[in-house]
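Listed here are the chains, written in short residue letters.
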Amino acid sequence: MRAFLLACLAIVVVGAGGYFFLGALQEPTGVAYTTDGARINVDWAWRPVLNPRNANESAVSELCDKRKTWQWIFVDLGRPDGESTVCSDSQ
Amino acid sequence: MAMIWARIRFFVSVIVFFVFATAVAAQQPSSVDPNSDAVHEQQLLQQLNRIQGLGTIPDVKSYVIEQPMGRQWREFHEVWLHWIGAIAVLGMLAVLIIFFFTRGMVRIESGRSGINIVRFNAFERFVHWMTATCFIILALSGLNITFGKEILLPILGPSAFSSWSLAAKYAHNFISFPFTLGVILIFLMWIAGNIPNRVDIEWFKRGGGIFGHDHPPAYRFNAGQKAIYWIVVIGGTAVAVSGYLLMFPFYGTTIAGMQLAQIVHGVVAVLFVAAMLGHIYIGTIGMEGAFEAMGEGTVDLNWAKEHHSLWLEEEKARGGPTQLQRQPWATPAE
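Residues numbered from 1 in each chain as written. Chains lettered and ligands numbered in written order. Predicted model: local features only at pLDDT ≥ 70, side-chain atom pairs only at ≥ 80, totals over all residues.

A. Spatial organisation of the overall build of chain B. Broken down by element type, chain B carries 12 helices and five strands. When the 334 residues of chain B are sorted by exposure, 23% land in the buried category. (Helix = DSSP H or I, 4+ residues; strand = E, 2+ residues; numbered from the N terminus. Buried ≥ 20, exposed ≤ 12 C-beta atoms within 10 Å, placed from the backbone.)

Right under this line is the structure:
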């Protein structure tokens, strides 16, 4: 009986050691299976990818004229004079 | 002017697009070859045995879109493992029940002598009970993973079954450590007495004395006990290694490796449980005087003469009467 009780005590002690051991080594699923390598870059645009010729112009929105609402509604494909062609490429 | 031409070009483009789209849609049914390899999923999957895409995150295994072996693995753990486990565990229980009601308890034929001899010391019993207690917890919590959904869920209900399964899984993980320690200690502690020898062949030829009233000679461990020892050592190692691979997913293993680890873990575990049912039977209600060996550490002298005669001779030669102790109830009245 004493051997059995000591065995139970040992199980609790070693099991508790296992608890801390696993706690130190294992990660929650949300951490283990995600990566901070996947992040959305808000500055990224398709334009340089689709139009490599103008890649150096990049898609800096300040270089392009802001379209007015009516231009979007009525699909005005016109390009203001002096504006880069990259501003007219579809995303 | 440029604006007008731009709008004209746009509307013309839209009209042309719709005309072509309608024409292409009308031709679709006849343009697809139904016998093409591409439309047979099975043939498609067999091209590389898996279909893998490209990804930008470091977790390369996430690029695997199709993994056909996963279907076989699912078939295994949802169907085959259930059958293997049910046949092994219930089959062993049925055999033991039939055996008990036909053969009955194996008695000490010459009766109790009243003199006990030390069979297992305190440390051996400590290790045995540590491993055995862990095994029972691991077996119950492990069987819950395979059979709990079918057996316990309808009885307990989703909430209670969920709480129980969560606690059981944690216990399964943490108790694995003392169990592994116990298997290692058992291996080291009893290896010397469990090397097979010629006496074991004779023991097997005579059926271990289970049937009839035969008592084949044996050293400290007979052939049946040696079989249990090696099942514990080899089976325990297999479930421990495969279990730790499952506990640390994809640390040195691929998807296929994880599936293989789960298959080994599941099959060995249910066979292990079946074998231990036999061990528990013979150590309790199956044989008179056997439980005392692990319960108190001693056995009756006549029990030792009948079941481990060669070991008793060794013990007598080694320790003589100092190893023997008379039970108080067996002391003759004065």
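B. Geometry of the overall build of chain A. When its secondary structure is counted, chain A shows four helices and zero strands. N-terminal to C-terminal, the α/β element order of chain A is α-α-α-α. Every one of the 91 residues in chain A was classed for burial, and the buried ones make up 10%.

C. Summary view of the packing of helix 6 (residues 158–190) of chain B against helix 8 (residues 223–247) of chain B. Residues and elements named next belong to chain B. Two elements in contact, helix 6 and helix 8, have axes whose closest approach is 10 Å; the angle formed by their N-to-C orientations is 145°. Relative to helix 8, helix 6 is oriented so that their crossing is left-handed. Along its contact with helix 6, which presents Asn 173, Ser 176, Thr 180, Val 183, Ile 186, Phe 187 and Trp 190, the element helix 8 presents Tyr 229, Val 232, Val 233, Gly 236, Thr 237, Ala 240, Gly 243 and Met 247. Its residues assigned to classes, the contact of helix 6 with helix 8 comprises nine nonpolar, six polar and no charged. (Axes fitted to C-alpha atoms, helices over the stretch in contact; angles between N-to-C directions. Left-handed = near helix turned anticlockwise from the far one by under 90°. Contact = placed C-beta atoms within 7 Å. Nonpolar A, V, L, I, M, F, W, Y, C, P; charged D, E, K, R; others polar.)

D. Molecular detail of the confidence of the model for chain A. On average, residues of chain A carry a pLDDT of 69, and 33% of them reach 70 or more. Within chain A, the lowest mean pLDDT, 59, falls on helix 3 (residues 47–50) of chain A, and the highest, 93, falls on helix 1 (residues 2–25) of chain A. (pLDDT = per-residue confidence, 0-100.)

E. The nonpolar core, seen in detail. By size, the foremost hydrophobic cluster in this structure holds 29 residues, and its most contacted members are Met 130 and Cys 134 of chain B. If you list the elements that add at least two residues to this core, you get helix 1 of chain A together with helix 4 (122–151), helix 6, helix 8 and helix 9 (255–283) of chain B. With eight residues, helix 6 of chain B is the single largest residue contributor to this core. Once residues within four sequence positions are removed from consideration, Cys 134 of chain B is found in contact with Ile 11 of chain A together with Ile 175, Pro 178, Phe 179 and Gly 182 of chain B. Judged by nonpolar contacts, the second largest core, of 11 residues, contains Phe 120, Ile 282, Ala 304 and Leu 312 of chain B. (Core = buried A, V, L, I, M, F, W, Y, C linked by C-beta atoms within 7 Å.)

F. Fine view of unusual backbone geometry. Residue and element names in this part refer to chain B. Not every positive phi belongs to a glycine, and Phe 250 is a case in point at roughly 65°. Relative to the helices and strands, Phe 250 resides in the loop between helix 8 and helix 9. With 15 C-beta atoms counted inside 10 Å, the residue Phe 250 sits in the partly exposed group.

G. Representation of the environment of Tyr 19 of chain A. Residue and element names in this part refer to chain A. Here Tyr 19 is to be found in helix 1. Here Tyr 19 falls in the partly exposed class, since 14 other C-beta atoms lie within 10 Å of it. Between the C-alpha atom of Tyr 19 and that of Ala 3, which follows or precedes it by 16 residues, the distance is 24 Å.

H. Representation of the confidence of the model for chain B. All names here are of chain B. On average, residues of chain B score 85 in pLDDT, and 80% of them are at 70 or above. The model gives residues 24–30 a pLDDT under 50, and that stretch makes zero contacts with residues more than four places away or in other chains. Per-residue pLDDT stays below 50 along residues 327–334; that stretch engages in four contacts with residues further than four places along the chain or on separate chains.

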